[in-house]
Amino acid sequence: MSALGARAQRHDARGKVTGETKYPADLFDPAMLRLGTVFAHRPHARIVEIDVADALRVAGVIAVLTARDVPHNRYGLIENDQPVLCEDIVRYEGDRVALVIATDDRAAARGVGAVRVTYEDLPPVSSAAEAMQPDCPRVHDDRANVLYHQPIRKGDTGAAFAAADVVLSGEFSTSWQEHAYLQPDAGIAYYEGDALVIETAGQWLHEDRRQLAQILGLPEERVIVRYAAIGGAFGGREDLSVAALLALATFVTKRPTALRWTREESIVGHHKRHPFAISTRWGALRDGTITAVETTLVADGGAYASTSAEVLKCAAIFAQGPYEIENVSTDAYVCYTNNVPSGAFRGFGTPQAHFAAESMIARVAERLGLDACVVRRKNLYREGSREATGCVVPAGVSAVPVLDRCVAEAARRPLGRRVSRTGSCENSAVVRGRGFACGIKNVGYSFGYPEQARAAVELVVLDGIRGARVRIAVADVGQGAHLAMRQIAAQTLGLALEHVEIVADDSSQAPNAGSASASRLTLFAGRAVHDAAEAALHNYRSGGEPRAFVQYVPPETTPLEPGTGFGRPNICYGYSAQAVDVEVDRATGVVRVTRVISVHDVGRAINPQQVEAQIEGCIAQAIGYTITEDFRVRDGRVLTPNFTTYLLPTSLDVPLEIVPVILEHPDPNGPFGARGVAEMPLVPFAAAVAAAVHDATGAWVSDLPMTPERVRAALDAATARHDAIPTLR
Ligand code: MOS
C-alpha cells in the first residue's frame, strides 16, 4: 500500500489511549528538587524590596532565586523585552518575581507563601485605547506604548469611496482566547555531563535552546532541549514559560529540578490570543465589485512583545479578507498594556481580521440585494491577483474552487425548517439559519523572516534498502507531524511505513526544521524530508554513503515597506470556506452550532484522516472562540483564571455533523504538493456563525464571543430598527 494519502494509524495513538505516554509532568521523580513560582499577582508595580529570609527558614527550602541570580535577564521570541524574574517593575499579574527551590512540592508551596515582597502599586494601563492616549504613562520606560504600527496603502480609497454605489461601515471587537492545552506548563531539567538538559513541551526545540542558552550565558551546544509528549500547543507554547525557570534552577543548583504550573498559573502566566478593535469601511459597485476597503485595527499586546508585531502584520494584510481590492488603506496598531501578554494562537491574527472582513462582505451583499457567495466569488483572489501589499498572490490560488465546493456541499444539505421548535419561554422560538465565510492564511513564516528546514535521512541497507531513519527536529504537538514526516519518507523511498523511524524530539540528535507553527511543518519540514530521502537514495544508487543531509530553503518573502506596506509577505496560502448552520433561541440568546461544512485546499493530503481530525478539532476550538470562551480582564486582572469561569466547549457544544472536505490543488513547493491545514478552520468560522445568526434572526453580532447577553442585545437592536436595512434593488 502506498504510504502517501494513507489513513495510517499514528504510532503514538496507543500510548495516548492507554495512558502509557509520558507528558512532561509524568517525568517527575522524587529525587528532583521542586520549584515554586512567586507570581506578582498585580498588574503594575514597583518592587521596593524582596525579603526571602522567612522563606529560607521553611523546612525543605534550599534556595530562593531573584533577578540577580539570572545571568542575562532578558528574553523573547522576537524581542528581548521580558525578564525571567522581575528586577524593579512588575508589568502584569503573571510576572515572575522569585523562584523557590525546595525538596518537595509542599515545601516549595510554603516557601512561595513566605517570600515577602514589598510593592508600590502603580496605575495599570488597562487597554490598548488607553495606551494610545498621548498622556498615558509608558509600560516600558524605553519604548513607546505603540509597539508596532503597520500601514498598508494601495490605490486611492478616497476616490473609490466617492465613486461607490454603496459605502458601509462596521465596528467589531474580539476578545482574548486561552489555549487551554490539556497538559499545563511543566518540565524537568538536569545535567548530562556538562550539558544542561531541559525536558518539556514546546513548539520549536532549537529556538527554545537559543533563548535558554542566552538567558544562562552558555554556548548553545551546552544546552539540550528535549520534548516529552506535548499535550496540545496551538501557539501557546511558542513563548518560553516554565523552561526558563527550570533551566535557571538547575543551572544554579546543579541538581535535577521539576516544575508544574497549576491550571490557574498557566492561564495567568502564559500569553493569549490578541483582542482587537476593528473599524472598517467598505465601498462597492452595484454589480458587487468591492472597490475600496479602509480599516483601522487596534490590538492589545499586553505587557511584553511576544509575537505581537507579526500577528499584527498578518491581521493587517488580511483586513480585506481573501479578496483582490483595487483600493486599500489599512492602519494596524498593537500596544503595550499591563494586561496578560498577547501572542501566537492558531490563526495568528487572521481570525480577528476575517471576523470583520467576512461580516462586511456579507453586509455589503445584503445591501446590494445580492447573494453573499456570489459577491465573494466575484472578488476572490485568482491566479495573478494582486494583494493589498502590491505583490502577485503566490501561485496555486484555489480560493474560487474552495468556495464553489462549499456552496455545492451546502446545497446538498438543506437547512430544514426555519423555526425548529419552541424556545426556552412562551412565545419565543428557536430559529435556524445558515451562514458562509471564506478564509485565507499564510503557510510558513512571513515578512522576510528566514524560513528553512533541515533533515537527515539514513537508509538501513541489508541486501537492498530495508528501512530508514529520519532525523528532523519537529514538534508533534498532537497534530500528527511525526507520522506525516514518516509517510513522506516512506513514499519517497518506496518503503512500508513501519520501516521508517523518526528521531525528532532532541535538539542534539535532530537538525533544526523550524517551529510547529504557521501551519508550516507539512510543507517545509515535509519538503526537507522528501529532499533528504531523494538525496540519500541517489547517494546509495551511485555507490556512495546511503545517507543525506539537506537544508530546504524556500523562495524568499520580504518585509513590508514601513510607509506603504509594499512587499511580498508570503509564499503559500491555505484557502478555506465554511457553511455553518445554527439555532438561536430568541429568548435567551443562546446560539448552538448544528452543522459545519468546512472545505480546505490542503494541496495534497499526506494522511486524510489526520487532516480531518485537524479540521474537527479546530472547529471545536473555533466554537469556543466564537461562542463560549469569554476571557475577561479588568484593570489588568484576569477574572477568568480557571475552567469554571472560562467556558470551553464540551462534546455537547460540538455539532454531530461536521463535514470536512479536502481539496487537493498542489502547491508548487510542497512535498507532493502539500500545503498545511492546522490553523485554517479557525480563520472564517466566527464570521460564518455571525452570518448564520443574521440569517436566523436578522441581527448582526459584531463582538466576540457571542455570549447570550450580546446576542440578546443584537436581537433587541435589530427589532428596534425593524430590520430596516434598505436594499438597492
Ligand atoms: Mo502558531 S499560532 O503559528 O503556533
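Residues numbered from 1 in each chain as written. Predicted model: local features only at pLDDT ≥ 70, side-chain atom pairs only at ≥ 80, totals over all residues. Heavy atoms only, no water.

## Some remarks on the overall build of the protein
Selection rule: Under the DSSP-based scheme used, a helix requires at least four consecutive residues in state H or I and a strand at least two consecutive residues in state E, with every element numbered from the N terminus. Our radius of gyration looks at C-alpha atoms and nothing else; its globule reference is 2.2 Å times the residue count to the power 0.38. Here the term buried applies to any residue with accessible area under 20% of the maximum for its type, exposed to any over 50%, and partly exposed to those in between, with areas from a 1.4 Å probe on protein chains only. Whether two residues touch is decided by their heavy atoms; if any such pair falls within 4.5 Å, the residues are in contact. Surface exposure here means Shrake-Rupley accessible area, sampled with a 1.4 Å probe, where a residue is shielded only by the protein chains that are shown.
Of regular secondary structure, the protein possesses 17 helices and 26 strands. Expected size for 729 residues packed as a compact globule is a radius of gyration near 27 Å; at 26 Å, the protein falls within 12% of this value. C-alpha extents for the protein along the principal axes are approximately 75 × 75 × 55 Å. Burial statistics for the protein: of 729 residues in total, 64% are counted as buried. Expressed as a percentage of contacts within the protein between residues at least 6 apart in sequence, the contacts between residues at least 24 apart total 79%. Accessible surface for the protein amounts to roughly 26300 Å². Of this, 51% is attributable to carbon and sulfur atoms.

## Quick word on unusual backbone geometry
Here the amide bond leading from Leu-704 into Pro-705 is cis, since omega sits at -5°, within 30 degrees of zero. Mapped onto the elements, Pro-705 comes out in the loop between helix 16 (682–697) and helix 17 (708–720). In the Ramachandran plot, Ala-180 falls in the positive-phi region, its phi being about 55° despite a non-glycine side chain. For Ala-180, a relative accessible area of 14% corresponds to the buried category. Notably, Phe-447 is not glycine yet its phi reads approximately 60°, a positive angle. Here Phe-447 shows up in the loop between strand 17 (429–442) and strand 18 (453–461).

## Some details on the sheet that holds strand 2 (residues 45–51)
Hydrogen bonds between backbone groups are what pair the strands of a sheet, and the pairing can be parallel or antiparallel. Put simply, the rule reads: By this definition, two strands are paired if DSSP reports at least two bridges between them.
Here we have 3 strands laid out as an open sheet, ordered 4-2-6, and antiparallel in their pairing. Two strands bound the open sheet, and with one partner strand each, they are strand 4 (89–90) and strand 6 (116–121). The sheet contact formed by strand 2 and strand 6 spans 6 bridges and is antiparallel. Of the residues in strand 6, the one forming a bridge with Ile-50 is Val-117.

## Some points on the side chain of Asn-442
Going by this rule: Polar contact is the term for a pair of N or O atoms within 3.5 Å; when the atoms are in protein, one must be able to donate a hydrogen and the other to accept it, and sequence-neighboring residues count only if both atoms are side-chain atoms.
Relative to the elements of secondary structure, Asn-442 occurs in strand 17. In terms of polar contacts, Asn-442 uses its side chain to reach the side chain of Lys-441, at 3.1 Å. At 2.9 Å, the side chain of Asn-442 forms a polar contact with the backbone oxygen of Gly-444. With residues near it in sequence (within four places) discarded, Asn-442 still touches Cys-314, Phe-318, Ala-518, Asn-570, Cys-572, Tyr-573, Glu-679 and Met-680.

## Digging into helix 14 (residues 521–541)
To keep things clear, this is the line we draw: Given the number of residues in a helix, its expected span is that number minus one, multiplied by 1.5 Å.
Between its terminal C-alpha atoms helix 14 stretches 29 Å, which fits the 30 Å expected from 21 residues at 1.5 Å a residue. The complete set of buried residues in helix 14 reads Leu-521, Leu-523, Phe-524, Ala-525, Gly-526, Ala-528, Val-529, His-530, Ala-532, Ala-533, Ala-536 and Leu-537. For helix 14, the secondary structure elements touched by its buried residues are strand 18, strand 19 (465–471), helix 13 (481–493) and strand 21 (547–552). Following helix 14 by one or two positions, Gly-543 has its phi on the positive side, about 85°.

## Points about the side chain of Gln-352
Tracing the chain through its elements places Gln-352 in helix 10 (residues 350–368). A relative accessible area of 1% places Gln-352 in the buried class.

## Digging into empty space enclosed by the protein
Counted only if it meets this: The method works on a 1 Å grid over the protein atoms by themselves. A cavity is a set of points holding a 1.4 Å probe that cannot get out, a pocket is an open set with protein on both sides within 12 Å along at least five of seven lines, and residues with an atom within 4 Å of a point line them. Grid points are joined across faces, edges and corners, and a volume is the space filled by probe spheres set on the points. The classification used treats Ala, Val, Leu, Ile, Met, Phe, Trp, Tyr, Cys and Pro as nonpolar, Asp, Glu, Lys and Arg as charged, and all other residues, Gly among them, as polar. What fixes the domain bounds is an automatic or database domain assignment.
Taken as a whole and judged by the stated rule, the model has 4 cavities of 30 Å³ or more. For the largest cavity, the calculated volume is near 120 Å³. If you trace the largest cavity, you find 14 residues lining it, with Thr-200, Ala-201, Arg-237, Asp-239 and Ser-241 closest to the centre. There is about 100 Å³ of room inside the second largest cavity. Lining of the second largest cavity is provided by 13 residues; of these, Gln-82, Asp-239, Gly-269, His-270 and His-271 occupy positions nearest its centre. The residue inventory of the lining of the second largest cavity, partitioned by class, reads 5 nonpolar, 6 polar and 2 charged. Counting residues domain by domain, the lining of the second largest cavity receives three or more from each of domain 1 (24–122 + 182–232 + 237–269) and domain 2 (276–410 + 432–446 + 562–724).

## As for the sheet that holds strand 11 (residues 223–227)
What counts here: A fitted line through C-alpha atoms serves as each axis, taken over the contacting stretch for helices, and the angle formed by two N-to-C directions is quoted from 0 to 180°.
Read across the sheet, 7 strands follow the order 3-5-1-12-9-10-11 without closing on themselves; strand pairing throughout is mixed. Across the chains shown, the open sheet's two edge strands, defined by having one partner strand only, are strand 3 (61–65) and strand 11. The sheet shows a mean angle of 25° between the axes of neighbouring strands, taken without regard to direction. Contacts from helix 3 (residues 105–114) reach strand 1 (33–39), strand 3 and strand 5 (96–102), with the element oriented near 25° to strand 1.

## Comments concerning the packing of helix 11 (residues 372–379) against helix 12 (residues 399–411)
Each pair of packed helices can be summarised by the angle the axes make with each other and by the distance between the axes. We apply this condition: Note on angle classes: values under 35 degrees are labelled roughly parallel, values over 145 roughly antiparallel, values of 65 to 115 roughly perpendicular, and the remainder oblique. Handedness of each helix crossing follows the sense of rotation of the near helix against the far helix: counterclockwise by less than a right angle gives left-handed, clockwise gives right-handed.
At a minimum axis separation of 10 Å, helix 11 and helix 12 run at an interaxial angle of 165°. Between helix 11 and helix 12, the interaxial angle falls into the category roughly antiparallel. Crossing angle aside, the handedness with which helix 11 passes helix 12 is left-handed. Between helix 11 and helix 12, the residues in contact are Cys-373, Arg-376 and Arg-377 and Val-400, Leu-403, Asp-404 and Val-407, respectively. Grouping the constituent residues of the contact of helix 11 with helix 12 by class yields 4 nonpolar, no polar and 3 charged.

## Remarks on the nonpolar core
For the record, the criterion: Among buried residues, the Ala, Val, Leu, Ile, Met, Phe, Trp, Tyr and Cys ones that are joined through side-chain atoms within 4.5 Å form a nonpolar core.
Ranked by internal contacts, the top residues of the largest apolar core, which has 116 residues, are Ile-290, Tyr-575, Val-582, Val-593, Phe-685, Val-689 and Met-706. By residue number, the principal contributor to this core is helix 16, which donates 11 residues. In terms of nonpolar packing, the next biggest core, distinct from the first, is built from 88 residues, Ala-233, Ala-244, Leu-523 and Ala-674 among them.

## Quick notes on the pattern of salt bridges
Put simply, the rule reads: Here, a salt bridge means any side-chain nitrogen of Lys or Arg that lies within 4 Å of a carboxyl oxygen of Asp or Glu.
Applying the stated criterion across every chain, the model contains 42 salt bridges. Taking the shortest distance from any N to any O, the salt bridge between Arg-595 and Asp-581 comes out at 2.7 Å. Of the two residues, Arg-595 sits in strand 23 (residues 591–601) while Asp-581 sits in strand 22 (residues 573–585), which places them 14 residues apart along the sequence. One salt bridge connects Arg-595 with Glu-657, and the closest N-O pair in it is separated by 2.9 Å. Pair noted here: Arg-595 is in strand 23 and Glu-657 is in strand 26 (residues 657–663), with a separation of 62 residues, a long-range link.

## A short note on the packing of helix 10 against helix 11
In the contact formed by helix 10 and helix 11, the axes pass within 8 Å of each other and the chain directions differ by 115°. By the criterion of interaxial angle, the relationship of helix 10 to helix 11 is roughly perpendicular. Here the hand of the crossing between helix 10 and helix 11 comes out right-handed. Packed against helix 10, whose contacting residues are Glu-358, Ile-361, Ala-362 and Ala-365, the element helix 11 presents Ala-372, Val-375 and Arg-376 at the interface. Taken together, the residues of the contact of helix 10 with helix 11 sort by class into 5 nonpolar, no polar and 2 charged.

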